[in-house]
2 protein chains.
Amino acid sequence: MSALTPSGAGPGLESRFLALWGELSEIGRDSSGGYTRAAWTPVDAQLRGWFRSAAAARAMQTEQDCNGNLWAWWGEPGPGAVATGSHLDSVPNGGAFDGPLGVVSGFLAVDLLRERGASPRRPVAVACMSDEEGARFGVACVGSRLMVGDLQPDAARSLSDAAGTSLAQAMATAGADPGAIGADPARTSALSAFVELHVEQGRALADLSAPVGLATGIWPHGRWRLDFEGEPNHAGTTRCEDRRDPMLPLARTVLAARSRAEATGARATLARVAVRPNATNAIASRVQAWLDARAAGTGELEALVEGTVADARAASEAEGVSFAVERESFTQLVELDRPLRERLGKALGGVPELPTAAGHDAGILARRLPTAMLFVRNATGASHSPLEHATTQDCLAGVTALATVLAELTGA
Amino acid sequence: MSALTPSGAGPGLESRFLALWGELSEIGRDSSGGYTRAAWTPVDAQLRGWFRSAAAARAMQTEQDCNGNLWAWWGEPGPGAVATGSHLDSVPNGGAFDGPLGVVSGFLAVDLLRERGASPRRPVAVACMSDEEGARFGVACVGSRLMVGDLQPDAARSLSDAAGTSLAQAMATAGADPGAIGADPARTSALSAFVELHVEQGRALADLSAPVGLATGIWPHGRWRLDFEGEPNHAGTTRCEDRRDPMLPLARTVLAARSRAEATGARATLARVAVRPNATNAIASRVQAWLDARAAGTGELEALVEGTVADARAASEAEGVSFAVERESFTQLVELDRPLRERLGKALGGVPELPTAAGHDAGILARRLPTAMLFVRNATGASHSPLEHATTQDCLAGVTALATVLAELTGA
């Protein structure tokens, strides 16, 4: 029987999956039909509560590390541990699967191994990494970046949300200690491998008719804030030639970014905008827009961003608008550990391999320890959208594959 | 001595102006250095309180009419009354003068006439019209439109702000009765004239070195909401060719509107935008934008709006984005009463006359009764901006001119 056949998992797996999934489906649902689950909100606290309950139901002890990441242990925490997991937070109006599928699959893979009577020779952890999407404070993968020392504690604490609340204040409100955040080398070096299971964010597995795949790596990507500063004035009485309207260079930048990305198969998106004062009859005094850019290679990404920024600057100058740009986050090209990938591919009996343009905690951890990613087929190919979907059969195939991987890595 | 010489006003006028202005300057100030004074907010309640105090200090009785407009009376309310006034609400981050200058000048003109021992043969009212800017609920001049029956009560009650609060709820919270709003023909027909004094919203008087001018009329103008509905998806993993990104047709519409307006000396502005979900790494599912358009003539305005809407529709189709447009408000071309204008021009000893592209309560009332507008020179020409400015000397010239006008109209 193939390692990807969920029927090998025993009759209880599907109902256990549906039960865990059903509990989660009530938390953070919004009017879009999807989910809004931002970090360090009351919804986030509910998600953390769900995680602790799921762990407790399995007699797995949960600890929240100094950076807010949760770890549920099968076996005593210690060196050489194998961790799996993902995140529970979401973008606004996001889908159900992005993040939670990896956490749920981690718990169910533990169940499956235990049912099979496996006795792992290494401790196993199911992790829920904190604030992966960066939807609230602008920087993605805050929990993993802090843990490995890629994000400085002071910089993290002073990040602020749209309402002006700092990350430090938000953590304190949620009962976490913002003074304790920072690099956690003991925890990082105690991990021998990290495996993140994630719903695929495109159509590659659907096109290949494969339920599960392995990631080869993650495109380099980043976020840049573009500030266009004009002059406030009356929308009726101010002649066109007297205006310094920041909306015009924004418009040219949106078009330039798309056309540059399209020309090279890269991605450039402006999807977040803040307009001041945002009134119908008052010319904008300031427009801020965020550029999300990704490409297969570092040089290609640099060319994309530099070209777009040059276009934005030229369009601003033409309108008498001041322009400034600030890189808010950047993640280098990640190639996931090749020997690990080969080993897991063999254990899984051969599955498709694919790169991704999405960032993940696995991409952050990959620069410190052997890391792998499993993708589960996405029926719609949609992502960061309520339309995102994986069938239950595919989710169970993911659980089975993850159990196989954990068995391989722990010698169970 | 010219009617425009403020020194003819007695030595106390300037200090009284500065005192009233000083009281107002504390209310609704924001971090832009300007003012945010939206209708039916706690700030609006403070402004109404200020109005009542200023009236009480002059032994003028204040009534709040069924539509939330305030009227302070010199003499018994009755038929043939002459009203002056403007509004106290503002756009977000607006200036100090747009609105308040007309209200303050009304009170001081009454002071001036009383000092001169004038005994008007008609009742005089100083008015503060409610929700002129429409900054919160999207429709401008709500108080005057309701009063003359140009806005239906049910339509008004169901207007809602960005937080989803309806106008009816906001009025009720502020202690006003939303069930009572609607046409007020008795009040309208009791007015023999309405004169609104307003800071100029451009540089015409500055260029002419004139402190005060008379309006000839108001350009036709309106607000249209443009809805671009796309498909949410992941900003990293979704190929450009698979996207239905509503930000792209928005960008083309911004550029098209500007270029069409520029070609004919009209105005078209997109300054208010609502993006859903407005997340850096999630392609927008929906963008709403508001088009503010104005032109010297009705045909010209229609051509501008129809052309821009056609551009928006074509750009949407090219991106697989749904497009819809809704006219949220529209005000016909207004020519202010010519005999009244000639009479006031003569009384003022000849002042420049100029049209305006800004809407005003005077424009709404002008379709029901003889209405005039006085403009006071704006040193910067800026409007809907903290940069808007009139010198104290020019403000006093405005008060003196308004007193002359009220004396002329009341036979004082």
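Just so it is clear, the structure is predicted and the values come from calculations on it, not from any experiment. (Residues numbered from 1 in each chain as written. Chains lettered and ligands numbered in written order. Predicted model: local features only at pLDDT ≥ 70, side-chain atom pairs only at ≥ 80, totals over all residues. Heavy atoms only, no water.)

Draft legend 1. Inspection of helix H13 (residues 392–410) of chain B at higher detail. Residue and element names in this part refer to chain B. The first and last C-alpha atoms of H13 sit 27 Å apart over 19 residues, in line with the 27 Å expected at 1.5 Å per residue. Summarising burial for H13: 16 of the 19 residues are buried, a large majority. A positive backbone phi angle near 65° is found at glycine 411, which sits one or two residues after H13. (Helix = DSSP H or I, 4+ residues; strand = E, 2+ residues; numbered from the N terminus. Expected span 1.5 Å × (residues − 1). Buried < 20%, exposed > 50% of the residue type's maximum accessible area, 1.4 Å probe, protein only.)

Draft legend 2. Main features of the sheet that holds strand S9 (residues 267–276) of chain B. Residue and element names in this part refer to chain B. The strand order S9-S11-S7-S12 describes an open sheet built from four strands, whose pairing is antiparallel. Only two strands of the sheet have a single partner each, and these edge strands are S9 and strand S12 (322–331). Between one strand and the next, the sheet's axes are offset by a mean angle of 15°, whatever the strand orientation. Sheet topology note: the S9/strand S11 (residues 286–294) ladder contains nine bridges and is antiparallel. Counterpart to arginine 272 in the pairing with S11 is tryptophan 290. (Pairing = 2+ DSSP bridges. Axes fitted to C-alpha atoms, helices over the stretch in contact; angles between N-to-C directions.)

Draft legend 3. The relation of the copies chain A and chain B, seen in detail. For the match of chain A to chain B, the screw axis carries a shift of 0.0 Å, the RMSD comes to 0.1 Å, and the turn is 180°. Between the two chains, the operation in question is that of a two-fold axis. Identified as the residue of chain A closest to the rotation axis by C-alpha distance is Ala251(A), at 2.1 Å. (Least-squares fit on C-alpha atoms with pLDDT ≥ 70 in both.)

Draft legend 4. Quick look at the domain arrangement of chain A. All names here are of chain A. Under the domain assignment used here, chain A contains domain 1 (11–219 + 333–410) and domain 2 (221–331). For domain 1 and domain 2, the distance between their C-alpha centroids amounts to 33 Å. Taken together, the 14 residues of domain 1 in the interface contact 13 residues of domain 2. In total, about 1,100 Å² of surface goes out of reach between domain 1 and domain 2, with carbon and sulfur atoms giving 47% of it. When the area that domain 1 buries against domain 2 is broken down by residue, the three leading residues are Gly138, Trp219 and Leu333, summing to 52%. One can count zero salt bridges joining domain 1 with domain 2. At the boundary of domain 1 and domain 2, one finds five residue pairs in polar contact (both at pLDDT 80 or more). Across the side of domain 1 that touches domain 2, the residue classes tally to eight nonpolar, three polar and three charged. (Domains from an automatic or database assignment. Contact = heavy atoms within 4.5 Å. Buried area = accessible area lost by both parts, 1.4 Å probe. Salt bridge = Lys/Arg side-chain N within 4 Å of Asp/Glu carboxyl O. Polar contact = N/O pair within 3.5 Å; in protein donor to acceptor, adjacent residues only side chain to side chain. Nonpolar A, V, L, I, M, F, W, Y, C, P; charged D, E, K, R; others polar.)

Draft legend 5. Broad picture of the nonpolar core. Core analysis: the biggest nonpolar cluster contains 60 residues, and Leu250(A), Leu291(A) and Leu250(B) have the highest contact counts within it. Setting aside residues no more than four positions away along its own chain, Leu291(A) makes contact with Gly222(A), Arg223(A), Trp224(A), Leu226(A), Ala257(A), Ala268(A), Thr269(A), Leu270(A), Val305(A) and Thr308(A). (Core = buried A, V, L, I, M, F, W, Y, C linked by side-chain atoms within 4.5 Å.)

Draft legend 6. Focus on the interface of chain A and chain B. Tallying the contact residues gives 61 residues for chain A and 61 residues for chain B. Between chain A and chain B, a total of about 5,300 Å² is buried, with carbon and sulfur atoms accounting for 57% of that surface. Looking only at chain A, the three residues that lose the most surface to chain B are Cys240(A), Arg258(A) and Thr280(A), adding up to 14% of its buried area. Linking chain A with chain B are two salt bridges. Looking at the side of chain A that touches chain B, the elements that each hand over two or more residues are strand S8 (233–234), helix H9 (247–264), strand S9 (267–276), strand S10 (282–283) and strand S11 (286–294) of chain A.

Draft legend 7. Spatial organisation of the sheet that holds S9(A). Residue and element names in this part refer to chain A. Taken together, the four strands give an open sheet; going across it, the order is S9-S11-S7-S12, and neighbouring strands pair in antiparallel fashion. Each end of this open sheet is capped by a strand with a single partner; those strands are S9 and strand S12 (322–331). Strand-to-strand, the axes of this sheet are offset by a mean angle of 20°, without reference to chain direction. Alignment of strand S7 (residues 221–229) against S11, held across nine bridges, turns out to be antiparallel. Residue pairing in the sheet places leucine 226 in a bridge with alanine 289 of S11. Against the sheet, H9 makes contact with S7, S9 and S11, and its axis sits at roughly 170° relative to S9, the strand it touches most.

Draft legend 8. Layout of the environment of Gly299(B). Along the polypeptide, Gly299(B) turns up in helix H10 (residues 298–318). Relative accessible area serves as the criterion here: at 47%, Gly299(B) is assigned to the partly exposed category.

Draft legend 9. Expanded view of the packing of aromatic side chains. Inspection of the entire model under this criterion finds twelve aromatic pairs over all chains. Pairing Trp224(A) with Phe330(A) gives two aromatic rings, centres 6.3 Å apart and planes at 65°, and the pair type is edge-to-face. Of this pair, Trp224(A) sits in strand S7 while Phe330(A) sits in strand S12; the two residues are 106 residues apart in sequence, bridging distant segments of the chain. Note on Trp224(A): relative accessible area 9%, which makes it buried. With a centroid separation of 6.1 Å and an interplanar angle of 75°, the aromatic rings of Trp50(B) and Phe107(B) are classed as edge-to-face. Of this pair, Trp50(B) sits in helix H2 (residues 42–57) while Phe107(B) sits in helix H3 (residues 100–115), and the two are 57 residues apart along the sequence. Each member of the pair Trp50(B) and Phe107(B) is classed as buried. (Phe/Tyr/Trp six-rings, centres within 6.5 Å; stacked < 30°, edge-to-face > 60°.)

Draft legend 10. Quick look at the packing of helix H1 (residues 12–24) of chain B against H2(B). Residue and element names in this part refer to chain B. Two numbers describe how H1 lies on H2: the axes approach to 10 Å, and their chain directions differ by 155°. Overall, the two elements H1 and H2 adopt an arrangement that is roughly antiparallel. In terms of crossing hand, the pair formed by H1 and H2 is right-handed. Contact residues: Leu20, Glu23 and Leu24 in H1; Leu47, Trp50 and Ala54 in H2. Considering only residue class, the contact of H1 with H2 consists of five nonpolar, no polar and one charged. (Parallel < 35°, antiparallel > 145°, perpendicular 65-115°, else oblique. Left-handed = near helix turned anticlockwise from the far one by under 90°.)

Draft legend 11. Representation of the packing of H1(B) against H3(B) within the structure. All names here are of chain B. Put simply, H1 and H3 touch, their axes get as near as 11 Å, and they point 150° apart. When you trace H1 past H3, the crossing you get is right-handed. Every residue of H3 that contacts H1 at Leu13, Arg16, Phe17, Leu20, Trp21 and Leu24 is listed here: Pro100, Leu101, Val104, Phe107, Leu108, Asp111, Leu112 and Glu115. Considered class by class, the residues forming the contact of H1 with H3 number eleven nonpolar, no polar and three charged.

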